[in-house]
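# Analysis of the macromolecular model
Next come the chains, spelled out residue by residue.
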Amino acid sequence: MLLGAVRAGAQTYTPTADNLAARQNFQDMKFGLFIHWGIYSELGAGEWVMNEKHISYDSYKRLADFFNPQAFNAHEWVMFAKKAGMKYITITSRHHDGFSMFGTKASPYNIVDATPYHKDPLMELAQECVKEGIELHFYYSLLDWGRKDYAFGSPIVDGKPVNGDWDSYINFMKAQLTELITKYPGVKGIWFDGHWERDVNWHYDEIYGLIHKLNPAILVGNNHHLEPKEGEDFQMFEKDLPGANTTGFSGKSKIGALPLETCETINNSWGFNITDRSFKSSKRIIHYLVNAAGLNANFLLNIGPMPNGKIQPEFTDTLAIVGAWVQKNGEAIYGTRGSGIPAQPWGVITQKDKNLYVHVMTLPQLPYVFIPQLKGKVTKAALLADGSAVKFKQQTEGVFVYLNGIATDPNDTIIKLTTN
Ligand code: FHN
């Protein structure tokens, strides 16, 4: 049986060939853009502002009256992602505030019906992604701070909120997910979040079953901070590399057999935050990407666009540098898998076919790096940047790669080892 609990009588999930191919493609992409954008962006205090500032739902709802992102341009966003070397976008279709950033018939509380903007940015984005060959995934919140049927704060008895209408809420989510999958062209994944808010029966067998019935190739992931459950297609880690647990979120999230993804913020916020100036450097972002790839995981890097629809210059500047680096060194990132060789104090090793890519991110004191547990015979070692030969020595325990005299890169010196 696959990982995770299966309800009595429920079917075991068997991914289709298309789904398995989509998983491979997902792993090949390696780098994605996460976008948190909603009416909360107007307040410039992150996506939790309603909850953190104890704003009542009725007061918060008024933000919709003023949400008018006239400067939003789907082409610019997609080109921004492409320029950064990202191959997919995961965007919030509905966050915990319950506001739908897409045109939905399931609730009037959505960007088309409730704002002066009256347009559907997610449709524009979906169409642009198809045009530009970028994959689109939708973030979808299970948690809802405002709907009566969800009844946030209500006690949970027998897997349901006592003051809500759980069947109605599950049906609402199914209606919205059906819209997201059937109306929007080229959608390749659904990214659930909010599970951790309450201990209820989320009816995942029905929800995941519906998604895979509508499109078997859609990749389902859930940021529940647990081991993967039946019906999921990839496993995600929040603000931590797989295997690490600096946030405390990943304690119950042992690495499973599914494709892996880790998400992290470009500053310290998911949604636009006017006071957050803790911008990560391009080097730190490159290292996160390389470390994730070394652990066989994708990196989903988050930005929170401004309420007018523009991306702030600090993000575009940093990601242009990251993009230039990835374009140059993409061979050692895209399409690779983790080599299975554990991370070393100086860096990690990615693998593609018979090639191993040795990523030296921290130059060691000694003029060489040692790669343990390397299977196969190394026939050639060369600097990826210019193809120049690099000296190496192979022993039973592993391979020494000598760094003296080679042109090092302050971000990551990559040596390509060819094995037979
Ligand atoms: O509460 C959310 C948060 O706002 C954000 O969406 C992140 C993204 O991983 N997930 C939740 C926290 O686990």
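Residues numbered from 1 in each chain as written. Predicted model: local features only at pLDDT ≥ 70, side-chain atom pairs only at ≥ 80, totals over all residues. Heavy atoms only, no water.

## What about the environment of F72?
The topology assignment puts F72 in the loop between α4 (63-66) and α5 (74-83). On the accessibility criterion, F72 (7% relative accessible area) is buried. C-alpha of F72 to C-alpha of Y204: the two residues are 132 residues apart in sequence and 34 Å apart in space. Apart from the residues within four sequence positions on either side, F72 is in contact with W37, W77, Y117, P121, E124, N308 and G309. (Helix = DSSP H or I, 4+ residues; strand = E, 2+ residues; numbered from the N terminus. Buried < 20%, exposed > 50% of the residue type's maximum accessible area, 1.4 Å probe, protein only. Contact = heavy atoms within 4.5 Å.)

## Quick word on the sheet that holds strand β14 (residues 368-372)
Strand order in the open sheet made by the 3 strands is β14-β17-β16, with antiparallel pairing throughout. Each end of this open sheet is capped by a strand with a single partner; those strands are β14 and β16 (392-395). Strand-to-strand twist in this sheet, taken as the mean axis angle between neighbours without regard to direction, amounts to 15°. Bridge count for β16 against strand β17 (residues 398-402) is 4 bridges, and the pairing is antiparallel. In the strand pairing of β17, F392 is matched with V401. (Pairing = 2+ DSSP bridges. Axes fitted to C-alpha atoms, helices over the stretch in contact; angles between N-to-C directions.)

## Some words on the confidence of the model for the protein
On average, residues of the protein carry a pLDDT of 96, and 97% of them reach 70 or more. Counting contacts from residues 1-9, a segment whose pLDDT is below 50, to residues more than four positions away or on other chains yields 19 contacts. (pLDDT = per-residue confidence, 0-100.)

## Here we look at the sheet that holds strand β11 (residues 337-338)
Within a sheet, each strand pairs with its neighbour through backbone hydrogen bonds, oriented either parallel or antiparallel. Across the sheet, 5 strands lie side by side as β11-β12-β13-β18-β15; this open sheet has antiparallel pairing. The outermost strands of the open sheet, each flanked by one partner alone, are β11 and β15 (378-383). The sheet contact formed by β15 and strand β18 (residues 413-419) spans 5 bridges and is antiparallel. Bridge pairing links K380 to T418 in β18. Its contacts with the sheet put helix α10 (residues 282-294) on β11, β12 (347-352) and β13 (355-360), and the angle it makes with β12 is roughly 60°.

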